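Survey of secondary and tertiary structure
This is what each chain is made of:
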Amino acid sequence: MPLTLETRDLTIRFGGHVAVNNVTCTFRPGELTAIVGPNGAGKTTYFNLISGQLRASSGSILFDGIDITGQSAPMRTRAGLGRAFQLTNLFPNLTVEENVRLAVQAANGTHYDMLRPWMVRRDLITRADGILDQVALGSRRGVAATALSHGDQRKLEVALMMALEPKVFMFDEPTAGMSIDEVPVVLNLIAQLKQDLNKIILLIEHKMDVVRSLADRIIVLHNGQLVADGRPAEVIASPIVQEAYLGVAPKTAAGSAA
Amino acid sequence: MMILSGDPPRSRVLTLVLVLIILALAATPFLFPGAKALNVAAKICVFAALVASYDLLLGYTGSVSFAHTMFYGIGSYAIAIALYGMGPNWAAVATGIVIGLPLAALLALAIGLFSLRVAAIFFAMITLAVASAFQVLASQLSWLTGGEDGRSFQLPELLRPGTVLVSKNLFGFEINGRILTYYLVFAISALMILALLRVVNSPFGRVLQAIRENRFRAEALGFRTVFHLTYANCIAASVAASAGILNALWLRYAGPDTSLSFSIMLDILLMVVIGGMGTIYGAIIGAAIFILAQNYLQSLMGVASKAASEAGLPLLPGLLHPDRWLLWLGLLFIASVYFFPTGVVGRLRNAGGAKSGSASH
């Protein structure tokens, strides 16, 4: 049976506010699903529930047939869920290479090796450098993460997830705030990942041109509820999406939706 | 330089200072005559290791512990009680080590698993509570610990001052059991500092730094951080207990004031901050500066005060009176924290880094 990621009636409440409301959805490999919706629709919260940063109030999450609803974030990462965060979430005073090396270390289970200096672990270093070259950060490897430009920090964030070699890639607005010339590096990476038909890729994205070019499927969240799910052309054309999110003029829609 | 685990001092001045301190400590028995100099040197060795182990916690993982003197005390008392109860033989030394080290490590394991799951402040509070309880316990169980008086004991024959190993007419100076004990303290402290340097520069050590930087992200990468923090706590506790063992062996005594008092905890904190957190090397520098000041500032001031009054200067003799030494020590600390917020090591490294940076561009 191929790998699946499934949420069943997934719900989280913050006091009286239901941020994610009974979302039932199945994700399959070889399919890039874009998750769209206005700001505050619960997209990032939905991600946080799946990757374990938040615990569901009710409902369940099944990964590869196993119920992971009760598992901690580290356990889910070890099971193969990879997450890149929307707000840059790095190790600021460690170098770019050290950031990635830590992810490589986590992926290959080097958790408690305390008797050898890290330079002896050429395998970790080589792998980290390879990933940095993929995201075009090779020349910045010795710089502290905090000294990177915003765009480079976003790329590093993606590099950390790649280093984990996950089965599920969860991108949360990977190109937000990037300058125009930096965007293609990340988009090409995602397009490359799509070639591997064994991976599940989830992408939260506001830019409709990006969604159109990459997504095989779009789901729409609105006020925490799943309101549309289907092929990009159908979803974008559906009245509920036109009304809830896309509007007639996308630029003003994004502004007024906030 | 694999002995330094690939983490050299990275500053010429810092290297020079470290080499000077280590050479001075290594040669103290021959360079500086008298019991006081040797006592001060032994204390610097013990505290350098103790402070380095605290740096592993504070500087590398960012967790604040107030139980470090407790582990130091466990080591001290274990060896003291064993030698007091079993007599001055090597079996007693071994018993003290075999009981003291695992006891400290197990206690650290329990505290860590219990309190490192949640916010850092909780760990600080728990360590404070456990350390206070231990202090009360040590003074109450006087049949075992000697209460407020502590326990004095004798060392095995080989380590006693009366044991002459190399007589004076051979080299011109005598090597006795006291000097052998000093070198034991020196060597074990040095080994422990090198071991800590290895731990902080290992892949495991990088995870500790990652947790300090962003624990949330470390968890998201798949690290179960509570275990990393707990292991670090156990390592730090074991080194602290070993330092306690060395201290008790050197003093031939363990008591509340020398091994458990809360003022030792404050001293450790000051030394780690003065030397530079998250560097390990800072421990050596912090311990050397602090203990030298603690021991010699008073006599230095006595000399200065006398000179000032003989020269007929107003006000100065009073200000420099030896009784005011704590005031000056305090001012020294405020000044050092103000001028070296990253500690002596951080300051020297930054200065060196700026120079080499401008040279390469």
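Residues numbered from 1 in each chain as written. Chains lettered and ligands numbered in written order. Predicted model: local features only at pLDDT ≥ 70, side-chain atom pairs only at ≥ 80, totals over all residues.

1. Here we look at the overall build of chain A
A count of helical and extended segments in chain A gives ten helices and ten strands. In summary, chain A has a C-alpha radius of gyration of 19 Å against a globular reference of 18 Å for 258 residues, a match within 12%. Overall size of chain A, expressed as C-alpha extent along the three principal axes, is 60 × 40 × 35 Å. Partitioning the contacts of chain A with sequence separation of at least 6, the portion at a separation of at least 24 is 68%. (Helix = DSSP H or I, 4+ residues; strand = E, 2+ residues; numbered from the N terminus. Rg over C-alpha atoms; globule rule 2.2 N^0.38 Å. Contact = placed C-beta atoms within 7 Å.)

2. Description of the interface of chain A and chain B
Taken together, the 30 residues of chain A in the interface contact 25 residues of chain B. Listing elements by their share of the side of chain A that touches chain B, those giving two or more residues are helix 2 (73-79) and helix 3 (96-107) of chain A. Looking at the side of chain A that touches chain B element by element, the count peaks at five residues for helix 3 of chain A. Along the lines of polarity and charge, the residues of the side of chain A that touches chain B split into 18 nonpolar, six polar and six charged. (Nonpolar A, V, L, I, M, F, W, Y, C, P; charged D, E, K, R; others polar.)

3. Quick word on helix 3 of chain A
In this model, helix 3 of chain A (twelve residues) spans 17 Å end to end at C-alpha, consistent with the 16 Å of a helix rising 1.5 Å per residue. Turning to helix 3 of chain A, its buried residues are Val96, Glu97, Glu98, Asn99, Val100, Arg101, Leu102, Ala103, Val104, Gln105, Ala106 and Ala107 of chain A. Structurally, helix 3 of chain A contributes buried residues whose contacts are with helix 4 (122-134) and helix 5 (150-163) of chain A together with helix 9 (203-220) of chain B. One or two steps after helix 3 of chain A, the chain reaches glycine 109 of chain A, where phi turns positive at roughly 80 degrees. (Expected span 1.5 Å × (residues − 1). Buried ≥ 20, exposed ≤ 12 C-beta atoms within 10 Å, placed from the backbone.)

4. Regarding unusual backbone geometry
The phi dihedral of asparagine 22 of chain A is positive, around 50 degrees, even though this residue is not glycine. For asparagine 22 of chain A, a count of 15 C-beta atoms within 10 Å translates into the label partly exposed.

5. Some points on the packing of helix 12 (residues 262-275) of chain B against helix 13 (residues 281-310) of chain B
Residue and element names in this part refer to chain B. With their axes 7 Å apart at the nearest point, helix 12 and helix 13 run at an angle of 120 degrees to one another. The hand of the helix 12/helix 13 crossing is right-handed. Where helix 12 abuts helix 13, its residues Asp267, Leu270, Met271, Val272, Ile274 and Gly275 lie against Gly282, Ala283, Ile285, Gly286, Ala287, Ile289 and Phe290. Within the contact of helix 12 with helix 13, the residues separate by chemical class into nine nonpolar, three polar and one charged. (Axes fitted to C-alpha atoms, helices over the stretch in contact; angles between N-to-C directions. Left-handed = near helix turned anticlockwise from the far one by under 90°.)

6. So, the sheet that holds strand 1 (residues 5-14) of chain A
Residues and elements named next belong to chain A. If you walk across this open sheet you meet the four strands as 2-1-4-5, and the pairing is antiparallel. In the strand order of this sheet, the two ends are held by strand 2 (17-27) and strand 5 (66-67), each with one partner. In this sheet, strand 5 lies alongside strand 4 (residues 58-63) in antiparallel orientation, the contact comprising two bridges. Directly across from phenylalanine 63, in strand 5, lies its bridge partner isoleucine 66. (Pairing = 2+ DSSP bridges.)

7. Side note on helix 5 (residues 120-140) of chain B
Residue and element names in this part refer to chain B. Across its 21 residues, helix 5 extends 31 Å between first and last C-alpha, which sits within 8% of the 30 Å expected from 1.5 Å per residue. Along helix 5, the residues that are buried comprise Phe123, Thr127, Ala131 and Ala138. Buried residues in helix 5, looked at end-on, bunch into an arc of 65 degrees, giving them a common side. Exposed residues lying more than 90 degrees from the buried face of helix 5 are Ile121, Ala133, Val136, Leu137 and Gln140. Here the buried face of helix 5 lies against helix 3 (68-86), helix 4 (90-115), helix 6 (142-145) and helix 11 (256-259). (Arc of directions from axis to C-beta.)

8. Points about the confidence of the model for chain A
Here chain A averages 90 in pLDDT, while 94% of its residues score no lower than 70. Segment residues 248-258 of chain A: pLDDT under 50, and ten contacts once partners within four positions in sequence are set aside and those in other chains are kept. (pLDDT = per-residue confidence, 0-100.)

9. What to know about the sheet that holds strand 8 (residues 200-204) of chain A
Residue and element names in this part refer to chain A. The sheet built from six strands is open, its strands ordered 6-7-8-3-9-10 with mixed pairing. In this open sheet, the two strands that pair with only one neighbour each are strand 6 (81-84) and strand 10 (225-230). In this sheet, neighbouring strand axes are inclined to one another by 20 degrees on average, regardless of whether the strands run parallel or antiparallel. Here strand 9 (residues 217-222) runs beside strand 10; their pairing, made up of five bridges, is antiparallel. Looking at strand 10, one finds that isoleucine 219 is bridged to aspartate 229. On top of the sheet, helix 1 (residues 43-51) reaches strand 3 (31-36), strand 6, strand 7 (168-172), strand 8 and strand 9; it is set at about 150 degrees to strand 7, its chief contact.

10. Examining the packing of helix 3 of chain B against helix 4 of chain B
All names here are of chain B. At their nearest, the axes of helix 3 and helix 4 sit 8 Å apart, and the two run at 150 degrees to each other. By the angle between their axes, helix 3 is roughly antiparallel relative to helix 4. Two packed elements cross with a definite hand, and for helix 3 against helix 4 that hand is right-handed. Facing Phe71, Ile74, Gly75, Ala78, Ile79, Ala82, Leu83 and Met86 of helix 3, the residues of helix 4 in contact are Ala91, Ala92, Val93, Thr95, Gly96, Ile99, Gly100, Leu103, Ala104 and Ala108. (Parallel < 35°, antiparallel > 145°, perpendicular 65-115°, else oblique.)

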